[in-house]
Amino acid sequence: MPDAIFADPRLAALYDLFDGERADLVPYLEIAAELEARTVLDVGCGTGCFGTLLADAGLTVVGVDPALASLELARAKDSRVTWLHGDATTLPPLQVDLATMTANVAQVFLGDDWDSTLRGIHAALKPGAHLVFESRRPEARVWEGWRVPVQREKNGVRHRRDLLSVDLPFVSFRHTYRFPDGQEIASDSTLRFRSREEIEESLTAAGFETTDVRDAPDRPGLEHVFVARRLS
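In this text the structure is predicted, and so the values were computed from the model without any measurement.

A. Looking closely at the pairing of strand β8 (residues 170–178). For strand β7 (residues 157–167) and β8, the ladder comprises 9 bridges, and the chain directions are antiparallel. Across the sheet, Arg161 pairs through a bridge with His175, a residue of β8. A loop of 2 residues connects β7 with β8, the two strands running antiparallel in sequence. Relative to strand β9 (residues 184–192), β8 runs antiparallel, the two sharing 9 bridges. Looking across to β9, one finds that His175 is bridged to Ser187.

Here you go:
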């Protein structure tokens, strides 16, 4: 089940308000151009920030997300993209040039769902096509910086993020939103921190070849960007 921050309609509507400035997506546009992709599958598309950018660049885009509240916002944002409610294991037959998982998407899969997601993406790609995604490096211990609560306020809505637990490879935290009418809604999230070796092994098992591992330009030293090619 998707976290409330994406699935609750009132919280989903806040995503673009608090996090809509997505400079981290520009490198993915550049990679799509580098790989000469014309068709893209965006897994975990959320409110459609990246799908819209891809469509602006003239690409044919399919976005899939299990959080219907977020997906409805994406549908209202851009009719050029095919928005699908589901995940990588429920896709219709596709043969795309590129699949992407931006931001935290690759880390929300906590168990066997990671392997099934990779297999679903493999089936959606053309032979020789690519998967690109990012994942935080566990050795950077970014969660240490999350021990201090983060607080923000926009349009009268107060947001607070608190670290709940560190039980590696899992790190859990809570987003709490307080609205001007006094209502307060909390959303708990857990991310899995996989090592580079673990990720490369899972890609190999799913039928991919890791062709490049890059440093994330927006978080140097903190994240890896994986570029993997479907072998057959």
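B. Helix α7 (residues 112–124), seen in detail. With 13 residues, α7 ought to run about 18 Å at 1.5 Å a step, and its terminal C-alpha atoms sit 19 Å apart, in line with that. Those residues of α7 not exposed but buried are Trp114, Thr117, Leu118, Gly120, Ile121, His122 and Ala124.

C. Structural detail: the sheet that holds β8. Taken in spatial order, the 4 strands make up an open sheet running β6-β7-β8-β9, and their pairing is antiparallel. Either end of the sheet is taken by a strand with one partner, and the two such strands are β6 (150–154) and β9. This sheet shows a mean twist of 20° between the axes of neighbouring strands, independent of strand direction.

D. Focus on the packing of helix α4 (residues 26–34) against helix α5 (residues 49–56). Contact pair α4 / α5: the axes reach a minimum separation of 10 Å and the direction vectors enclose 45°. By the angle class used here, α4 and α5 are oblique. Judged by the sense of rotation from one axis to the other, the crossing of α4 with α5 is right-handed. Contacts between α4 and α5 involve Tyr28, Leu29 and Ala32 from the first element and Phe50, Leu53 and Leu54 from the second. The class makeup of the residues in the contact of α4 with α5 is 6 nonpolar, no polar and no charged.

E. Molecular detail of the packing of aromatic side chains. Taken as a whole and judged by the stated rule, the model has 9 aromatic pairs. An aromatic cluster of three or more residues is present, and its members are Phe109, Trp114, Phe133 and Phe226.

The rules behind these values
- Residues numbered from 1 in each chain as written.
- Predicted model: local features only at pLDDT ≥ 70, side-chain atom pairs only at ≥ 80, totals over all residues.
- Heavy atoms only, no water.
- Pairing = 2+ DSSP bridges.
- Helix = DSSP H or I, 4+ residues; strand = E, 2+ residues; numbered from the N terminus.
- Expected span 1.5 Å × (residues − 1).
- Buried < 20%, exposed > 50% of the residue type's maximum accessible area, 1.4 Å probe, protein only.
- Axes fitted to C-alpha atoms, helices over the stretch in contact; angles between N-to-C directions.
- Parallel < 35°, antiparallel > 145°, perpendicular 65-115°, else oblique.
- Left-handed = near helix turned anticlockwise from the far one by under 90°.
- Contact = heavy atoms within 4.5 Å.
- Nonpolar A, V, L, I, M, F, W, Y, C, P; charged D, E, K, R; others polar.
- Phe/Tyr/Trp six-rings, centres within 6.5 Å; stacked < 30°, edge-to-face > 60°.

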